[in-house]
Amino acid sequence: MDTNITGINPKVWQILWDACNEGYDMRHFLDSMSPNQIQSKIWLTDTLEMILMDKNNIKVQLLGGWFGFPLCNLLMQKLNISLVENVDIDPRALRIFRRYSSDIERVIFDSHERDACEVGNRDKDFHLVINTSSEHMVSLPEIIKNKKHNSECLFALQSNNMFHIDDHINCVNDENELVEKSGLSQIMYKGSLDMPNGYQRFMVIGYV
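Residues numbered from 1 in each chain as written. Predicted model: local features only at pLDDT ≥ 70, side-chain atom pairs only at ≥ 80, totals over all residues. Heavy atoms only, no water.

1. Looking at the packing of aromatic side chains
So, step 1. Under the definition given, this model contains six aromatic pairs.
So, step 2. Both rings, one in Phe69 and one in Tyr100, keep their centres 5.6 Å apart while their planes meet at 80°; by these two values the pair is edge-to-face. A residue pair is termed long-range when its members are at least 10 positions apart, and Phe69 in the loop between β1 (58-63) and α4 (71-78) and Tyr100 in helix α5 (residues 91-101) qualify at 31 residues. Neither residue differs from the other here; Phe69 and Tyr100 are each classed as buried.
So, step 3. Ring centres of Phe97 and Tyr100 lie 6.2 Å apart, and the angle between their planes is 80°; on these two criteria the pair is classed as edge-to-face. Separated by three residues within a single helix, Phe97 and Tyr100 lie in helix α5, roughly one turn from each other.
So, step 4. For Tyr100, a relative accessible area of 4% corresponds to the buried category. (Phe/Tyr/Trp six-rings, centres within 6.5 Å; stacked < 30°, edge-to-face > 60°. Helix = DSSP H or I, 4+ residues; strand = E, 2+ residues; numbered from the N terminus. Buried < 20%, exposed > 50% of the residue type's maximum accessible area, 1.4 Å probe, protein only.)

And the structure:
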């Protein structure tokens, strides 16, 4: 029997505890930290590191950012981040996001409960917009049609081919379909990732 047990990371434990206190569906919450989710976030941040390695004070907007965990942690490890804004329609997820990010120094964290299509006051200031849940919402051209992002803003999108899930309204069959739906004209990266559950996750990164 292994007696060298140190327990769960205190920060992760606190997030789990807060989620329980919020009455959050724990199956849903634990899914945000599943091996599939972790693997896809590492894939994203490793790729962004290669594209943005020379950039400083990067301002990031998360669309449908959920709890922001573990994506924000990985972004801070890989990039020089100064601001993260999390936009999501789930107020409980945003409350957990605010609690876990409140004691993190160096980076400013902000959150807004609104639909991804709604215009935000900071839209023009972001250097990087990330949407890792494109399957849950309309395509990027519809999301940004009324927004004023600057021409140097990089967009990173992920989707999947899990068409059988009811709230997946915008899945794709491959990365090329995601590129087409994204409307991005300058593609810096596109690819696919085989997931342990037998499905695939797709990613495209580029400029409008």
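2. A word on the nonpolar core
In globular proteins that are soluble, nonpolar side chains generally tend to be buried together.
So, step 1. Counting 38 residues, the largest nonpolar core has Leu48, Val60, Leu75, Leu128 and Ile130 as the members making the most contacts within it.
So, step 2. Residues contacting Leu75, with those up to four places away along its chain left out, are Thr45, Leu48, Val60, Leu62, Ile81 and Ile130.
So, step 3. Judged by nonpolar contacts, the second largest core, of 19 residues, contains Val129, Ile143, Leu157 and Val204. (Core = buried A, V, L, I, M, F, W, Y, C linked by side-chain atoms within 4.5 Å. Contact = heavy atoms within 4.5 Å.)

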